[in-house]
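The lines below spell out each chain.
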Amino acid sequence: MSTNTDLVAQKDQGKNISKQLPVIAPEVDVFENDQEILLQADMPGVLKEDIVINIDNGKMVLSGIRRLESVGADTWKEFGEVEFRRNFSVPQSIDTNQVNAEFKDGQLCLHLPKSEAAKPRQIEIKAG
Amino acid sequence: MFTHLHDMHQFLGAMDLFRNRMNTIFNDFDRTASPAYNWVGTEVHPPTNLSDSGDNLEIVAEVPGVKKEDLEVKIQGNYLQITGTRKNAPPEGYKTHRTERTRGSFSRSFTLPYDVDASKAEATLTHGLLRLVLPKAETAKPKQITIQ
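Residues numbered from 1 in each chain as written. Chains lettered and ligands numbered in written order. Predicted model: local features only at pLDDT ≥ 70, side-chain atom pairs only at ≥ 80, totals over all residues. Heavy atoms only, no water.

Trainee: Could you give an account of the overall build of chain A, with specific residues and numbers?
Mentor: Along the backbone of chain A there are one helix and nine strands. N-terminal to C-terminal, the α/β element order of chain A is α-β-β-β-β-β-β-β-β-β. With 128 residues in all, chain A has 39% of them scored as buried. Of all intrachain contacts in chain A linking residues separated by at least 6 positions in sequence, the fraction that spans at least 24 positions is 53%. Of the roughly 8,300 Å² that chain A leaves accessible, carbon and sulfur atoms contribute 48%. (Helix = DSSP H or I, 4+ residues; strand = E, 2+ residues; numbered from the N terminus. Buried < 20%, exposed > 50% of the residue type's maximum accessible area, 1.4 Å probe, protein only. Contact = heavy atoms within 4.5 Å. Areas by Shrake-Rupley, 256 points an atom, 1.4 Å probe, with all protein chains shown as cover.)

Trainee: So what's going on with the interface of chain B and chain A? Residues and values would help.
Mentor: Each side of the interface is counted separately: chain B has 51 residues, and chain A has 41 residues. Between chain B and chain A, a total of about 4,000 Å² is buried, with carbon and sulfur atoms accounting for 49% of that surface. Counting the surface chain B buries against chain A, the share from its top three residues, Tyr-94, Arg-101 and His-127 of chain B, is 18%. On the surface where chain B and chain A come into contact, there are eight salt bridges. The tally of links between chain B and chain A comes to 26 residue pairs in polar contact (both at pLDDT 80 or more). Top contributing element to the side of chain B that touches chain A by residue count: helix H1 (residues 2-33) of chain B, with nine residues. Of the residues assigned to the side of chain B that touches chain A, the class counts are 18 nonpolar, 20 polar and 13 charged. Two elements, strand S2 (residues 28-32) of chain A and strand S5 (residues 95-99) of chain B, share four bridges in a ladder whose sense is antiparallel. Note on S5 of chain B: the bridge partner recorded for Glu-32 of chain A is Lys-95 of chain B. (Buried area = accessible area lost by both parts, 1.4 Å probe. Salt bridge = Lys/Arg side-chain N within 4 Å of Asp/Glu carboxyl O. Polar contact = N/O pair within 3.5 Å; in protein donor to acceptor, adjacent residues only side chain to side chain. Nonpolar A, V, L, I, M, F, W, Y, C, P; charged D, E, K, R; others polar. Pairing = 2+ DSSP bridges.)

Trainee: Pulling in residues and values, what's your account of a nonpolar patch on the surface?
Mentor: Taken together, Met-8, Phe-11, Leu-12 and Met-15 of chain B make up a surface patch of nonpolar side chains, about 400 Å² in accessible area. Within the fold, Met-8 of chain B resides in helix H1. (Patch = residues over 30% accessible without salt bridge, like charges linked within 9 Å, V, L, I, M, F, W, Y side chains within 5 Å.)

Trainee: So what about the sheet that holds strand S4 (residues 46-56) of chain A? Which residues, and what values?
Mentor: Residues and elements named next belong to chain A. Overall, mixed pairing links the four strands, which are arranged S1-S7-S5-S4 in an open sheet. At either margin of the open sheet sits one strand with a lone partner, and together these are strand S1 (23-24) and S4. Both S4 and strand S5 (residues 59-66) contribute to a ladder of seven bridges, which runs antiparallel. Residue Val-46 lies in a different strand from S5, and its bridge partner there is Arg-66.

Interpretation in functional terms is not warranted from these geometric data alone.
Written out as structure tokens, the structure reads:
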């Protein structure tokens, strides 16, 4: 006999599991040109739907959960199920509405375009 | 008020990072101490998992950003070699701020616990993971013995 007194089965168990996953920082490359900042992060084994990118108040949180299906007994194991998570400070010159991301072959490519006001501009000198 | 909160967040973020690093240090310690694992640390590249499902050996390797045509897998008896090149040169016309990701060529070889049938081996590459399913050779497969 079950001693569980809950009337409704609890559905938040998935959430609990994700909280217990070890968190590691993904390796990133960051590049910049006049138009944008380009961030590339390695997240091998993560599915596109499991990636969350939040930008709020000048802070960006990058998170991706990797789940592995395992078959049989492990002979050795050098990587496991993890959450890739890392925080970045986003400069004010970035237009956060225009940020776009693509994910391919386990690497995330994030384009952070600079706002018009922040792009370098050449001033023409008028003849006086 | 906001700036204070932000500072606090940054500080806690750094602490988290530090704690995670410490956690992985101990993982590596456990691994080297256990006789079931090879003497491996975080230096080996690419990291792999090997599992045994009775009929098959399955090996999974982390190879983010590596193209199918840049990977090579060789099998001979119980010897397995994975070689590849990662072509992620910095994009043209960009200034580099940070390069933490690995680049260039890598190679890793293994002595598998059993002989495998190379002609039936299957390899797939999805989301930056290379998965090899290697059927054990007939002689290496488990046999059921009937008790007289």
